[in-house]
Amino acid sequence: MDWMQSLRLAAPEESLSVAGLVLLVASAWGQSAKDARAVNWLAALVLAGATAMVAPTLCQGVSGEAALAFSGLFSADAFAAFAKLLIYVSALASLLVAPAFFERHGGYRPEFPVLVLFATIGMSMMVSSTNLLTLYVGLELNSLAAYVLAAFLKTDDRSAEAGLKYFVLGALASGILLFGMSLTYGFTGTIAYDGIAAATQAGLSKGALFGLTFMLAGLAFKISAVPFHMWTPDVYEGAPTPVTTFFASAPKVAALALTIRVTVEAFGGQAIAWQQIVGFAALASVVIGALGAIGQTNIKRLLAYSSINNVGFMLVGLTAASPDGVAAMLVYLAIYVPMTIGGFVAVLMLRDEAGHQIEAISDLAGLSTTRPLLALGLGSVMFSMAGIPFFFGFWGKFVVFKAAVAAGWLILALVAAAASVIGAFYYLKVV
């Protein structure tokens, strides 16, 4: 094994790891708001540097043996680079909006950017995983940091409640995922994706099928897909808004990219075994995400159901189990991330005369008169999420529906399209 080649391929993760450890030590020495801002900007610079490192890999379309590192445990290919770009940009956006929010709520501590860096490292490992071991290590590194981030605002009982709920349900989901991985290893004899693909080429045994089902259930929790979505509205509402911005973007990208790797790379030869599961999750997420948002009065809970709804649309593309379907899913992800960040940044800017955060949808009345530019930005995000032609969100839905119809999933595409009309109601309600 060429260690220098492996270290070069994993340079973004290495830079984030070293920076995270250095800034962790620095945060122990300085706890003032000024120190926290310094740590925050340094973390943002490191993320910008990591983004610059992965961009050439995507532009060059690196894949195959040239992208493998550490004896095939890690793949720095173009697919991973695409996901990492979205993850790093999402994390960077969360860091940029965090200081102003936390300083209005009792001070900003330097642990926040450090936790974001460690969560980002875990997500980088997830999207570059080539076997179940790398998958689990990356997922747990991300999850452990995320649990603390959800409960970061110690002065707010809702934040503590969000952190506790996320931890308990996340631990359950991790156990389900680990059980599925154990079954998969037991019935295929390998933890490598290519080895699993080879072992299941002739057909799936019942044990391997159960393993696949449990793994998809664990991953469904991470992407907030129905029926494992129950934590999302409570955590999104209770967590600090910069943390919610982070949760709604970066971990979604990582978990969806990981789901693509597991289904297409490890079990691609037996797509018929997981298409039914993914198709059900897609349809249920689209419908429940749309119906669940209708009665919401809190803008953050509404965006939580919107996230569930959008995950359903992306899974429609994966259900196609074709290159066009995966490409459509990635296009939707690239559109979803800036829409989500824009929506939560607009929410962060919603404050009353006393400077308090506004979260009730009814309090937005008259915003176009008092703050027309903010109203225009929030309205544009809502129109885009609703899929109104010819906003960006429309093209995301268009490509996944097109891929599903081309793969023979016409009924799924029609039901999802009908549900998108229902979803337009609650987006337009905000407007």
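Residues numbered from 1 in each chain as written. Predicted model: local features only at pLDDT ≥ 70, side-chain atom pairs only at ≥ 80, totals over all residues. Heavy atoms only, no water.

Undergrad: Explain the overall build of the protein chain to me, please; I cannot follow it from the model alone.
TA: Scanning the protein chain from terminus to terminus reveals 18 helices and two strands. On C-alpha atoms alone, the protein chain measures out to a radius of gyration of 21 Å, which is about the 22 Å that the 2.2 N^0.38 rule sets for 431 residues. When the backbone C-alpha atoms are referred to their principal axes, the protein chain occupies close to 65 × 55 × 40 Å. Residues counted as buried form 58% of the 431 residues belonging to the protein chain. Here the protein chain displays about 16,700 Å² of accessible surface, and carbon together with sulfur accounts for 71% of that area. Computing the positive centroid from 20 side-chain charges and the negative centroid from 21, the protein chain places the two 5 Å apart. (Helix = DSSP H or I, 4+ residues; strand = E, 2+ residues; numbered from the N terminus. Rg over C-alpha atoms; globule rule 2.2 N^0.38 Å. Buried < 20%, exposed > 50% of the residue type's maximum accessible area, 1.4 Å probe, protein only. Areas by Shrake-Rupley, 256 points an atom, 1.4 Å probe, with all protein chains shown as cover. Lys, Arg positive; Asp, Glu negative; His and termini not counted. Charge placed at Lys NZ, Arg CZ, Asp CG, Glu CD.)

Undergrad: It is not clear to me how the environment of T297 should be interpreted in this structure. Could you clarify?
TA: Residue placement: T297 occurs in the loop between α12 (271-294) and α13 (299-319). For the pair T297 and I361, spaced 64 residues apart in sequence, the C-alpha separation works out to 5.6 Å. Leaving out residues up to four positions away in the same chain, T297 has contacts with E359, A360 and I361. (Contact = heavy atoms within 4.5 Å.)

Undergrad: How do you make sense of helix α9 (residues 206-222) when you look at a structure like this?
TA: Since one α-helical turn is 3.6 residues long, residues separated by three or four positions face the same way. Spanning 17 residues, α9 covers 25 Å between terminal C-alpha atoms, matching the ideal 24 Å at 1.5 Å per step. Residues G207, A208, G211, L212, M215, L216, A217, G218, L219, A220, F221 and K222 constitute the buried set of α9. Those residues of α9 that are buried lie in contact with α6 (132-150), α7 (157-188), α11 (241-266) and α12. Where α9 terminates, the next one or two residues include S224, which has phi positive at roughly 65°. (Expected span 1.5 Å × (residues − 1).)

Undergrad: So what exactly am I meant to see when it comes to a nonpolar patch on the surface here?
TA: Residues L283, V287, I288, L291, V405, L410, I411, L414, V415 and I422 make up a contiguous nonpolar surface patch of roughly 780 Å² in combined accessible area. Breaking the nonpolar patch down by element, the ones donating at least two residues are α12 and α18 (410-430). Tracing the sequence through the fold places V415 in helix α18. On the basis of relative accessible area, V415 is assigned to the partly exposed category, the value being 32%. (Patch = residues over 30% accessible without salt bridge, like charges linked within 9 Å, V, L, I, M, F, W, Y side chains within 5 Å. Salt bridge = Lys/Arg side-chain N within 4 Å of Asp/Glu carboxyl O.)

Undergrad: What should I look at first to understand the environment of A160 in this one?
TA: You can see A160 is positioned in helix α7. Residue class for A160 comes out partly exposed when judged on its relative accessible area of 44%. For the pair A160 and V148, spaced 12 residues apart in sequence, the C-alpha separation works out to 9.3 Å.

Undergrad: What exactly am I supposed to notice about the confidence of the model for the protein chain here?
TA: Any residue range with low pLDDT should be treated as having predicted coordinates unsuitable for detailed reading. Averaged over every residue, the pLDDT of the protein chain is 85; the share at 70 or more is 98%. Predicted confidence in the protein chain is weakest over helix α15 (residues 367-370), with a mean pLDDT of 77, and strongest over helix α5 (residues 111-127), with 91. (pLDDT = per-residue confidence, 0-100.)

Undergrad: I'm lost on the packing of α11 against helix α14 (residues 323-348) in this one. Help?
TA: Between two packed helices, what matters for the description is the angle formed by their axes and the separation of those axes. Direction vectors running N to C along α11 and α14 enclose 170°, while the axes themselves pass 8 Å from each other. Comparing their axes, α14 and α11 come out roughly antiparallel. Residues T241, P242, T244, T245, A248, S249, K252, V253, L256, I260 and V264 of α11 lie in contact with α14, whose contacting residues are V326, M329, L330, L333, Y336, V337, T340, I341, F344, V347 and L348. Partitioned by chemical class, the residues of the contact of α11 with α14 number 16 nonpolar, five polar and one charged. (Axes fitted to C-alpha atoms, helices over the stretch in contact; angles between N-to-C directions. Parallel < 35°, antiparallel > 145°, perpendicular 65-115°, else oblique. Nonpolar A, V, L, I, M, F, W, Y, C, P; charged D, E, K, R; others polar.)

Undergrad: Explain the pattern of salt bridges to me, please; I cannot follow it from the model alone.
TA: Enumeration over the complete set of coordinates arrives at nine salt bridges. Across the pair D77 and R261 runs a salt bridge whose closest N-O atoms are separated by 2.8 Å. Here the residue D77 occupies a position in the loop between β2 (74-75) and α4 (78-103), and R261 occupies one in helix α11, the gap between them amounting to 184 residues. Neither residue differs from the other here; D77 and R261 are each classed as buried. K165 is the salt-bridge partner of D234, the closest N and O atoms lying 3.0 Å from each other. A residue pair is termed long-range when its members are at least 10 positions apart, and D234 in helix α10 (residues 232-238) and K165 in helix α7 qualify at 69 residues. Judged by its relative accessible area of 28%, K165 falls in the partly exposed class. Linked by salt bridges that have partners in common, R158, E161, K165, D234, E237 and R301 make up one network.

Undergrad: It is not clear to me how α13 should be interpreted in this structure. Could you clarify?
TA: Counted at 1.5 Å a residue, the expected span for α13 with its 21 residues is 30 Å, and the 30 Å between its end C-alpha atoms agrees. With 21 of 21 residues buried, α13 lies mostly within the body of the structure. One side-chain oxygen at the N-terminal end of α13 lies 2.8 Å from the backbone nitrogen of K300; it belongs to N298. A321, located one to two residues past α13, shows a positive phi value of around 55°. (Polar contact = N/O pair within 3.5 Å; in protein donor to acceptor, adjacent residues only side chain to side chain.)

Undergrad: Would you mind going over the side chain of S90 with me for this structure?
TA: By the element assignment, S90 lies in helix α4. Those residues in contact with S90, other than ones at most four positions away along the chain, are S249, A250, V337 and I341.

Undergrad: Whenever I open this one, the side chain of K300 confuses me. Can you help?
TA: Among the structural elements, K300 can be located in helix α13. Among the polar contacts listed, one links the side chain of K300 to the backbone oxygen of A239, at a separation of 2.8 Å. Contacts of K300, omitting those with residues within four sequence positions, involve Y236, E237, A239, P240, T241, T244, F344, V347 and E359.

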